[in-house]
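What the coordinates show
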Amino acid sequence: MKNNLYLFFLLTVIATPIIFQSCDDESIPSYIAFDPYEYATLDDDGGTWNPNVMTSPSQIGIPSPTAVNSPEYQAELSALKTASAQLTGEQANAVEYWAGDGLVRWNEIARELAAKYNLAPAPDSAGNYPAPNPANPSKYPLFPFAHPPYASRAFAYWASTQYDALIATWHHKYAFNRPAPYATDATIVTHLPKNALPSYPSDGAVIAAVSQASLTALFPLEKDFLAEKAAEHKNSLIWAGVNVQSDITAGDSLGRAVWNIFKGRLGSDGFKFAQTPKPISDSIRDAAEARWGWHWVNQETPPRPVGITPLFGKVKLWNVPNVEEVRPGPPPAPGSLEFEPYAKELRDIADNLTKDQRRVANFWSDGLGTYTPAGHWNRFASNEIIKNRLNPLRAARVFAYLNMAMGDAGIACWDAKYFYHYPRPIQTIPGFKTILGTPNFPSYTSGHSTFSYAAAEVLSHFFPEDAGTFTVWADEASISRMYGGIHYRFDIEAGKQAGLLIGEHTINVAIVDGGE
Amino acid sequence: MKKILPFGCSLLFTISLVTSLKSQTPTDAIMMSKGLICVAVVYTNDTWDEYWEGELLRVNGNVGTLTRQTIMPMATLGIGERFNIIAALPWAKTESSGGQIAGTSGLQDWGFWLKGTAIDAEIGPGSLTLHGTAGITGPASNYLADYGPYSLGLGCADGTLRGILQYKLNMGVYLRGQAGYHLRGNARAERDYYYTTHGVYSDKIDMPDAVSWGATLGTWLFNNSLKVEANYGGFNSLDGHDIRRQDVGFPSNEMINTTIGGGLQYYFPGIQGFGFVLSAHQVLTGRNVGKSTAYSAGVTYFFPVWKTDETEPIEN
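Residues numbered from 1 in each chain as written. Chains lettered and ligands numbered in written order. Predicted model: local features only at pLDDT ≥ 70, side-chain atom pairs only at ≥ 80, totals over all residues.

Regarding the interface of chain A and chain B
Stated precisely, the cut-off is as follows: Residues are scored as being in contact if the C-beta atoms we place from backbone atoms lie within 7 Å. By the criteria applied, helices consist of DSSP H or I runs no shorter than four residues and strands consist of E runs no shorter than two, each listed in order from the N terminus. Note that Gly is not counted as nonpolar here; it falls among the polar residues with everything else outside the nonpolar set of Ala, Val, Leu, Ile, Met, Phe, Trp, Tyr, Cys and Pro and the charged set of Asp, Glu, Lys and Arg.
Taken together, the contacts link 46 residues of chain A with 39 residues of chain B. Listing elements by their share of the side of chain A that touches chain B, those giving two or more residues are α1 (2–23), α4 (103–116) and α13 (355–363) of chain A. In terms of residue count, the dominant contributor to the side of chain A that touches chain B is α1 of chain A (nine residues). A breakdown of the residues in the side of chain A that touches chain B according to their chemical character gives 24 nonpolar, 13 polar and nine charged.

Okay, structure coming up:
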């Protein structure tokens, strides 16, 4: 008997790690790995495309590069040759991580920051909610609170700046026509796929500089982290053997200068008034009550006195002429005969929730602590960019129109939300419980639907072969809000109509920008 | 050799964990004799209205009081004189008094343990025993582990090895210490991105391993019909992350607690094989867990499954 026991323990001790090895995955990824790729096209006319905010591709000048046969350039080549000849493990990892231009990686970093800062302020002991203060970002609650409007706006600035900056980059690349270092000196060891793009200024350095500057403005507490990332990215271009230092220096200064143009827009787009004080928030509520006979009330304990950004609907739009153009008609009055079937539908869903409905609700929840719906669609766009091996200019074009569309979607949706001030299901349906947390803003229209259909429309334009998938995702993202118990069907339908219209407005600008 | 406790019922000890979660594990030194089975059903009511967000003890008006009720059927079978098998399958239900998040209910984690006697020696005025258990638990339904305090369980496989050392005086008083190591597999979310201290692009949740431990002082009274004991114990995740300010709890949080409790187990002298158990536990300190107060009540019944030469007559 004693022997049996020892045998049993021995077997258990041996077997347990084996059992767990099979289900305990050591490599749960914290970023999306992909192989650096050769660009499908180079778009050598890219320097003639129309920027969105810059007045022209040549608006910002950069110094002429030294000639390839100059001693200065030869010295740079020689330094590059030494730097790329032998990489440490860390350097090789950095080259692979940034994969050259680094645009999708910076998009991932932007998503990461959106998720990190997407936490609502906690109430203090007196039951009051302090607000983040951009003038003192490190004092709790940290600035920013990257809720869906904030995140959509952040992505829009990051992406549209990249696009304008890369049009300018292409302009200068082809104006100066400095060949890649490895084209001049074939003995340089490279660690990335080669391409025939002129190398001055470095597109990677432009992307790093724009990302660092824009994301630091939007997430000021990440200044050091972003500086470190940008430095590593720029160094990775040297380690990879694809850019000399003067390519990088020129790209860096071009990127910063383009951001300075966008910075002016960021400071004056009206966002700073969006998170209103309580008296203004109350007056918006009272106006809705007077007009419609209903108003939304936050249901948290203690109640949050002001919803998320009541005046975000007044923020400057990117491509939609005005919010009224895409604002839907009014929803049915709460408690009306017309309203009741919609409420019943939500009760029925909640009472009979299937496992698949639960999964859909959770998969698309994109709530607090996540990169928000706009981040989710940026992730899809990144995957498409990698799949289609887009060069950074063309990739930035996708990101720019996608994110300007979602920026406009956020603005238009928030206009409707506070214009109609419609109560959430937990306010109108007595005793209603939900599997998702109800957000701190009115119900009509659904942000998920507006964001998702605008995004699907734009991505379908750029990647028509996957249009069907984008539509399925937009449908799923939208219906997920009903499964979660936080939106009525009419919220979703109105959001869909607005989202599709916003997508069309955006595409109408894209098709005449020269990049079709 | 003297039988340890021919009429005791080995029970699982329920660890009150997490903002919500629980696990159960055998921690006592009782062995069922060969051929004898003990079946039990224990109901537990566990509530908290404060929890630790990281190290900050707080209330949350959108949760109010969280109540978790568990009904746990279990069985312990003596398959050898020094060798028991234990199985359990709890059903749980969660709900909160505040907020509008729906509670949930369903089967939690099945559990299966092997328990053996490594040392059983008479020393001085009593006996020293060392028991070992090896067990595995895992989700018995597809409950959502990523459901904050409402989740039915941690959603991961948990393989635990535990040692249980006890010295029991012949007069009935005993002192016991136990400690176990929990090797934990991944839990699963229904989304493929979440943020811990960094973003994670997976629906898999890497669960940190953990240790749990406890000390118990108890005694048998009234001719071995009543057992009374007090215990102190704890649970420590060996890694993991804090709940960020105003964020929702997550399965891979660094969960730590210490608990004090007491209980009794009684066997009716006249009714062969029947008994009941009562216990209460209070979480004293914690990190990323609820400050739970839990009460349990259950009935036990043991009877011979098969007759062997070694099966002793049951006499209460």
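Description of the confidence of the model for chain B
Residues and elements named next belong to chain B. Spelled out, the test is: pLDDT expresses how confident the predictor is about each individual residue, on a scale running from 0 to 100.
Averaged over all residues, the pLDDT of chain B equals 89, while 89% of them reach at least 70. When mean pLDDT is taken per element in chain B, strand β15 (residues 194–195) scores highest with 98 and strand β1 (residues 12–16) scores lowest with 57. The low-confidence segment residues 1–7 (pLDDT under 50) makes 13 contacts with residues lying over four places distant or belonging to another chain. Reported confidence for the predicted complex is 0.94 by ipTM and 0.95 by pTM.

Let's talk about the packing of helix α15 (residues 392–420) of chain A against helix α17 (residues 447–462) of chain A
Residue and element names in this part refer to chain A. So the rule is basically this: For helices, the axis comes from a line fit to the C-alpha atoms of the stretch in contact; other axes are also lines fit to C-alpha atoms, and the angle between any two N-to-C directions lies between 0 and 180 degrees. The scheme is simple: roughly parallel for angles under 35 degrees, roughly antiparallel for over 145, roughly perpendicular for 65 to 115, oblique for anything else. It is the rotation of the near helix from the far one that decides the hand of a crossing: anticlockwise by less than a right angle makes it left-handed, clockwise makes it right-handed.
The contact between α15 and α17 brings their axes to 9 Å, and the two run at 155 degrees. Our classification of the angle between α15 and α17 gives roughly antiparallel. In the packing of α15 onto α17, the handedness of the crossing is right-handed. Listed contacts from α17 to V398, Y401, L402, A405, M406, A409, G410, A412 and C413 of α15 are G447, T450, F451, A454, A455, V458, L459 and F462. In the contact of α15 with α17, the residues fall into 14 nonpolar, three polar and no charged.

A few points about the pairing of strand β19 (residues 226–237) of chain B
All names here are of chain B. Heads up, the condition is: Strands are treated as partners if at least two bridges between them are detected by DSSP.
Both strand β18 (residues 210–221) and β19 contribute to a ladder of twelve bridges, which runs antiparallel. If you follow W220 over to β19, its bridge partner there is K227. As consecutive antiparallel partners, β18 and β19 are separated by four residues, and within that stretch F222 has a phi angle of approximately 50 degrees, a positive value. When β19 meets strand β20 (residues 256–267), the two strands line up antiparallel, connected through eleven bridges. In the strand pairing of β20, K227 is matched with Q265.

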